[in-house]
Amino acid sequence: MHDQVFSPMFFNSIDWTETDRFEKPITELADYLNDDRVFAIHLWTARNEAAPHEKSAAFIAQLISPLEGFPPFTTLADKFNTDKNRHTGNRHCYARIYDRLLSARRLSMRRLMEIGLCRGLAERNQTETPSVALWQSYFPFCQVIGVDLTDFSSLNNERFRSFVCDQSSVEDLRRVAATIEARSLDVIVDDGSHASYDEQLTLREFFPLLAEDGWYFIEDLDWQPPGEDLTKITPTKALLREIKECGTARSVDPLGVSALAGQFAEILFFDSHYELDRAQLLGGLVAIRKRANQSYPHDSVARIGKAS
Ligand SMILES: C[S@@+](CC[C@H](N)C(=O)[O-])C[C@H]1O[C@@H](n2cnc3c(N)ncnc32)[C@H](O)[C@@H]1O
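What this report covers is the structure whose coordinates are included nearby. Small disclaimer: the values here were computed from a predicted structure and weren't measured. (Residues numbered from 1 in each chain as written. Predicted model: local features only at pLDDT ≥ 70, side-chain atom pairs only at ≥ 80, totals over all residues. Heavy atoms only, no water.)

### Some details on the overall build of the protein
In terms of helices and strands, the protein carries 11 helices and 9 strands. When contacts within the protein are restricted to residue pairs at least 6 apart in sequence, long-range pairs at least 24 apart make up 67% of them. Accessible surface for the protein amounts to roughly 14,800 Å². Of this, 50% is attributable to carbon and sulfur atoms. (Helix = DSSP H or I, 4+ residues; strand = E, 2+ residues; numbered from the N terminus. Contact = heavy atoms within 4.5 Å. Areas by Shrake-Rupley, 256 points an atom, 1.4 Å probe, with all protein chains shown as cover.)

### Focus: unusual backbone geometry
With phi around 50°, Arg91 is a residue other than glycine that occupies positive phi space. Among the secondary structure elements, Arg91 is positioned in the loop between α5 (73–77) and α6 (95–102). Judged by its relative accessible area of 43%, Arg91 is partly exposed. The phi dihedral of Gln280 is positive, around 55°, even though this residue is not glycine. Counting through the fold element by element, Gln280 comes out in the loop between α11 (273–279) and β9 (285–290). Residue classification places Gln280 among the exposed residues on the basis of a relative accessible area of 58%. (Buried < 20%, exposed > 50% of the residue type's maximum accessible area, 1.4 Å probe, protein only.)

### Section: the packing of helix α8 (residues 170–177) against helix α9 (residues 196–206)
Contact geometry for α8 and α9: axes closest at 10 Å, N-to-C directions at 30°. One finds that α8 runs roughly parallel with respect to α9. Considering the relative orientation of α8 and α9, their crossing is right-handed. The residues of α9 that touch α8, namely those facing Val170, Leu173, Arg174, Val176 and Ala177, are Leu201, Thr202, Arg204, Glu205 and Phe206. (Axes fitted to C-alpha atoms, helices over the stretch in contact; angles between N-to-C directions. Parallel < 35°, antiparallel > 145°, perpendicular 65-115°, else oblique. Left-handed = near helix turned anticlockwise from the far one by under 90°.)

### Comments concerning the packing of α9 against helix α10 (residues 236–246)
α10 packs onto α9 with a crossing angle of 45° between their chain directions and a minimal axis gap of 9 Å. By the angle between their axes, α9 is oblique relative to α10. On α10, the residues touching Ser196, Glu199, Gln200 and Leu203 of α9 are Thr236, Leu239 and Leu240. For the contact of α9 with α10, the per-class residue count stands at 3 nonpolar, 3 polar and 1 charged. (Nonpolar A, V, L, I, M, F, W, Y, C, P; charged D, E, K, R; others polar.)

### A short note on the environment of Leu285
By the secondary structure assignment, Leu285 is in strand β9. Classification of Leu285 by relative accessible area gives buried; the value is 0%. Separated by 63 residues in the primary sequence, Leu285 and Asp222 place their C-alpha atoms 8.6 Å from one another. Discounting residues that sit within four places of it in the chain, Leu285 has contacts with Tyr94, Ile97, Tyr98, Phe217, Ile218, Glu219, Leu221, Leu268, Phe269 and Phe270.

### Things to note about the site of the ligand
Residues in contact with the ligand amount to 18 residues; listed here are only the nearest, Thr82, Gly116, Cys118, Asp148 and Asp191. Here Leu149 contributes a backbone N or O atom positioned 3.4 Å from a nitrogen atom of the ligand. At 2.9 Å, a backbone N or O of Gln167 approaches a nitrogen atom of the ligand. Taken by itself the ligand offers 600 Å² of open surface, and the protein chains cover 90% of this. Among the residues making up the shell around the ligand, the classes are represented as 4 nonpolar, 8 polar and 6 charged. (Near = heavy atom within 4 Å. Polar contact = N/O pair within 3.5 Å; in protein donor to acceptor, adjacent residues only side chain to side chain.)

### So, the pattern of salt bridges
For the structure shown, the criterion picks out 12 salt bridges. Of the charged contacts, one joins Asp213 and Arg289 as a salt bridge, the two residues approaching to 2.7 Å between their closest N and O atoms. Of this pair, Asp213 sits in strand β7 (residues 210–218) while Arg289 sits in strand β9, placing them 76 residues apart in sequence. On the basis of relative accessibility, which here comes to 30%, the residue Asp213 falls in the partly exposed class. The class of Arg289 is partly exposed, set by a relative accessible area of 21%. (Salt bridge = Lys/Arg side-chain N within 4 Å of Asp/Glu carboxyl O.)

That is the geometry; function is a separate question.
This is the structure:
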């Protein structure tokens, strides 16, 4: 018989049986709530006042006052020192897009990878990872996998795993990819060097790690570090626009990003508020959703025979 017939269900009944489970901090409930056998939570207690003395920490309190316990991503982002928000640094305000595309996955998000963790070497602020803290606050059951030139391993814990990796190096990217199960990441965010070559190499090497229906974001498409040879690489924004419109690249594609096009369910462009205000540039952020229900005979197809 199917497992689910005998599945446990959190039944938070009117006589308060099992309320003790819900009165734990939200992070301690991750194993229960993400257990495949748990398919529902019954919340009779939504009609009652729950453990007011633990109001800020208890999961049940957050469910009872959803607006208080679960602020939208845009509001939450304003509390962190990241320019994904409305007032820090370049104020890109990508938070509104993450809100729009990811809010439905708030409690089911299991694994998110971000490439680029600090606000920049120039700010000499490399001991903090504000966007990691933001992701962890917004997705209470999510483990964040961080990739950066800087070693953040001293911050590793159950919900954060970091890799020192130069995203311009195919060897580094493959070393990281080899430790992560294929199709196990719900979201990948590239907010690293912003060089088109690096973005495309990383997309090629890490896209197989993304789960079906997962989202792959690349931020700050309008900013390129000096030194990129644009006769050898098409800017990522232009390349992905071509793939969106024609199904394949029309310009030079030395890293073979077009080979992934069949796995792209949709490619969406959104604006950076900063680039829009500064130079009327549209489409500073790209979001690529991975096609679902596909067989992947060659997860590494894009690696074969391509420049490295
Ligand atoms: C824009 S900041 C990241 C901001 C952060 N995600 C946030 O939202 O607050 C860029 C980060 O990318 C990292 N970085 C720059 N070049 C890199 C490369 N080639 N490989 C990996 N990380 C890189 C820098 O060390 C820096 O931490």
